[in-house]
Amino acid sequence: MTALTIPGLDQAPTTHARLLSWVREVAELTAPDEVVWVDGSPEEAERLNQKLVDAGTFVRLQNKPNSFWCASDPNDVARVEERTYICSVDEADAGPTNNWMNPVEMKSIMTELYRGCMRGRTMYVIPFCMGPLTAEKPMLGVEITDSEYVVVSMGVMTRMGSKALAVFGDDADFVPCLHSVGAPLEPGQADVPWPCNDTKYITHFPETREIQSFGSGYGGNALLGKKCYSLRIASTIAREEGWLAEHMLILKLTSPEQKVHYIAAAFPSACGKTNLAMLEPTIPGWKVETLGDDIAWMRFGADGRLYAVNPEAGFFGVAPGTNWKTNPNAMRTIERGNSVFTNVALTDDGDIWWEGMENEPAHATSWKKQDWTPADGEAGVLSSHANSRYCTPMSQCPVLAPEWDDPNGVPISAIFFGGRRAGTIPLVNEARDWQHGVFMGATLSSEKTAAAAGKVGEVRRDPMAMLPFIGYHAGDYFAHWISLGKNADSVKLPKIFYVNWFRRGDDKRFLWPGFGENGRILKWAIERIEGKAAAVETPIGHVPTAADLDLSGLDASLADIEAALAVDAAEWRAELPLIEEWFTQIGDKLPSSLRDELEALKQRLG
Ligand code: GDP
Ligand code: PGA
Ligand code: MN
Ligand code: MN
């Protein structure tokens, strides 16, 4: 057999032997027309953006510099959890919350899917680094993809190209991440704007630290540095090495006295991380700056405190609901351009629009590429998919904290867990100690959102907002959280809080105004840590009364605030069997301390 010659394959800007042989192996399997080593330059991005415009994938926006509108295939709009697998050697290591397949079996399925899958397309090799390039041990990966959309999106979301490859040297370890949209082109066959495949697999091999994804172009399925590497694979590395890889925003809170605290918060997808990360507090003198809006890697520092780093370099934010009132800093970030908008509406003057944004247009092109008018909106037809997204560089955020790129990270004072619950869960609740906080996180529940395919609105347990992202057995994950607390100096551990911005009144309206008003809850939490704020000890934790919160100037009825804060014993007693059922599902690996917490909660509820 003659060795395959594929244009570009031999123009590798590296001498890294393992990388070279993997790239060759993938090229020979997938049979692209050419291979491009991605350098991450602005010229390259412009070439790819233009290629996407020419292909009909992108429409260049007139009203935002270097920005693009993109509509996906209507069947490729969210993460596909039922097609996402953890392929550990032993099924017990994937646990009851993940789909599992034997790695040898999965690899043979994937190999057959990948065979010839890049015919007629370009194969891109993207070296990237999650977290600062200056880290003591940079977390490297290489994504191979046949999607230009993925290349330009990785350019926004990660530190990639030549600057990342420079860190590889000849033998640095990296996570190989293989992605294909799974849509080979026969000679002369016309391409579609959003190539993808009905067969989708998002697969992870935790023992060998590999990722293979097929059939989808959607962010969470295709930008493999994000959920696949920084959460699923990183969580398994973190467990081995004694740290945490979490689905958390990171923010910096400065008080009027210029006291600084850093807060990390885990909410399930589409439950308010990006909004809280960029919040503009309504209470005078308080300031929030952003370090991350989706993922936090947290390690103990030499001083015994927990330090957080954001592995990403961009925001992949939920578009609908984002406006100048709810999230002005996100609006300012995207105004600066250099952004990709997927599955929102395109206005006739070449800008973007979505439900909840100001200045509703009289006519637009919907995400389904159909005419859309406000009358359609009134008839319930959305202009934008509920999980439509903006992809924009963090560096453009006007409230970016200067230390966002510090490889040492920032010391975390408080961890928030939160979900989307119409009832039961009060606005804010402080854990008594670390173990109780881990119990809160482990039993976190939320209504399902459009960020993942499937039925929206159903309440499910979403431990630490990590249900779709824990790369191993959830029981082992809880044990890891418990053990980190046991081995730490309890005084230096972050305090844990459980919040719910989404409790509703009888008429279904939100009881708490949320968004910028959430700064009042941040203030209370920090004042609790500093011993300055009061709370009531309830069966479920320390909950403030309305009088304990700073509500000055708040436009909301006291009755609503009190209802948002209420701890209803009957509602909580109804919650207990659901927690029981969840713990039963976790099985033997559930730490006994969490079972103890449940028993104690039952006792307190009477
Ligand atoms: P993420 O996916 O966790 O980053 O969530 P986002 O911050 O993007 O928010 C998801 C959706 O929830 C958006 O439509 C927001 O407008 C909405 N949202 C965010 N924060 C709040 C809040 O405090 N109250 C209410 N009612 N909605 C919120
Ligand atoms: P989100 O990120 O948490 O901001 O929604 C995307 C996702 O989790 O799929
Ligand atoms: Mn997320
Ligand atoms: Mn987000």
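Keep in mind the model is a prediction, meaning the values are calculated, not measured.

Moving on, we come to the overall build of the protein chain. Secondary structure assignment for the protein chain yields 16 helices and 31 strands. In terms of overall dimensions, the protein chain is globule-like: its C-alpha atoms have a radius of gyration of 24 Å, near the 25 Å expected for 606 residues. For the protein chain, the spread of C-alpha atoms along the three principal axes comes to 75 × 55 × 45 Å. Looking at the 606 residues of the protein chain, the share that counts as buried comes to 61%.

This next bit is on the pattern of salt bridges. Side-chain pairing between opposite charges can occur once the charged atoms of the two side chains come close. The full count for this structure, using the stated rule, is 41 salt bridges. Arg-159 is the partner of Asp-405 in a salt bridge, and the nearest nitrogen-oxygen pair spans 2.8 Å. Here Arg-159 lies in strand E8 (residues 159-160) and Asp-405 lies in the loop between strand E24 (389-393) and strand E25 (410-418), a separation of 246 residues in the sequence. Taking relative accessible area as the criterion, Arg-159 reaches 6% and is therefore assigned buried. Of the charged contacts, one joins Arg-520 and Glu-517 as a salt bridge, the two residues approaching to 2.8 Å between their closest N and O atoms. Of the two residues examined, Arg-520 and Glu-517, each falls in the buried class.

As a further point, take the sheet that holds strand E20 (residues 345-347). Across the sheet, 4 strands lie side by side as E21-E20-E22-E23; this open sheet has antiparallel pairing. Two strands bound the open sheet, and with one partner strand each, they are strand E21 (352-353) and strand E23 (371-372). Pairing between E20 and strand E22 (residues 364-365): 2 bridges, direction antiparallel. The residue bridging Leu-346 from the neighbouring strand is Thr-365, located in E22.

With that settled, consider the UniProt feature "active site" (unreviewed entry) in the protein chain. The feature "active site" (unreviewed entry), as annotated in UniProt, sits at Cys-271 in this numbering. Following the sequence through the fold, Cys-271 ends up in the loop between strand E14 (260-266) and helix H8 (273-277). Contacts of Cys-271, omitting those with residues within four sequence positions, involve Arg-420, Ser-446, Thr-449, Trp-501 and Phe-502.

Counting residues in hydrophobic clusters, the biggest one holds 122 residues, and the most contacted among them are Met-298, Ile-415 and Trp-481. The contacts of Ile-415, once residues within four sequence positions are left out, are Met-248, Ala-264, Met-298, Leu-306, Trp-434, Trp-481, Pro-494, Lys-495, Ile-496 and Phe-497. If you look at the next biggest cluster of nonpolar residues, it comprises 36 residues, including Phe-267, Trp-286, Trp-524 and Leu-565.

What follows covers the packing of aromatic side chains. Applying the stated criterion across every chain, the model contains 22 aromatic pairs. Judged by centre distance (5.4 Å) and plane angle (45°), the ring pair of Phe-416 and Phe-497 falls under tilted. Separated by 81 residues along the polypeptide, Phe-416 in strand E25 and Phe-497 in strand E29 (residues 495-499) bring together distant segments of the chain. Of the residues examined, Phe-416 reaches a relative accessible area of 0% and is grouped as buried. An aromatic cluster is built from Phe-58, Phe-68, Tyr-149 and Trp-194, whose rings are joined through pairwise contacts. Positioned above the aromatic ring of Trp-243 is the side chain of Arg-299, whose terminal nitrogen or guanidinium carbon lies 4.0 Å from the ring centre. Positioned over the ring face of Phe-502 is Arg-420, at 4.0 Å from the centre of the ring.

Conventions adopted
- Residues numbered from 1 in each chain as written.
- Chains lettered and ligands numbered in written order.
- Predicted model: local features only at pLDDT ≥ 70, side-chain atom pairs only at ≥ 80, totals over all residues.
- Heavy atoms only, no water.
- Helix = DSSP H or I, 4+ residues; strand = E, 2+ residues; numbered from the N terminus.
- Rg over C-alpha atoms; globule rule 2.2 N^0.38 Å.
- Buried < 20%, exposed > 50% of the residue type's maximum accessible area, 1.4 Å probe, protein only.
- Salt bridge = Lys/Arg side-chain N within 4 Å of Asp/Glu carboxyl O.
- Pairing = 2+ DSSP bridges.
- UniProt positions renumbered as here; feature names shortened; annotations may be inferred.
- Contact = heavy atoms within 4.5 Å.
- Core = buried A, V, L, I, M, F, W, Y, C linked by side-chain atoms within 4.5 Å.
- Phe/Tyr/Trp six-rings, centres within 6.5 Å; stacked < 30°, edge-to-face > 60°.
- Lys NZ or Arg CZ within 6 Å of the ring centre and 35° of its normal.

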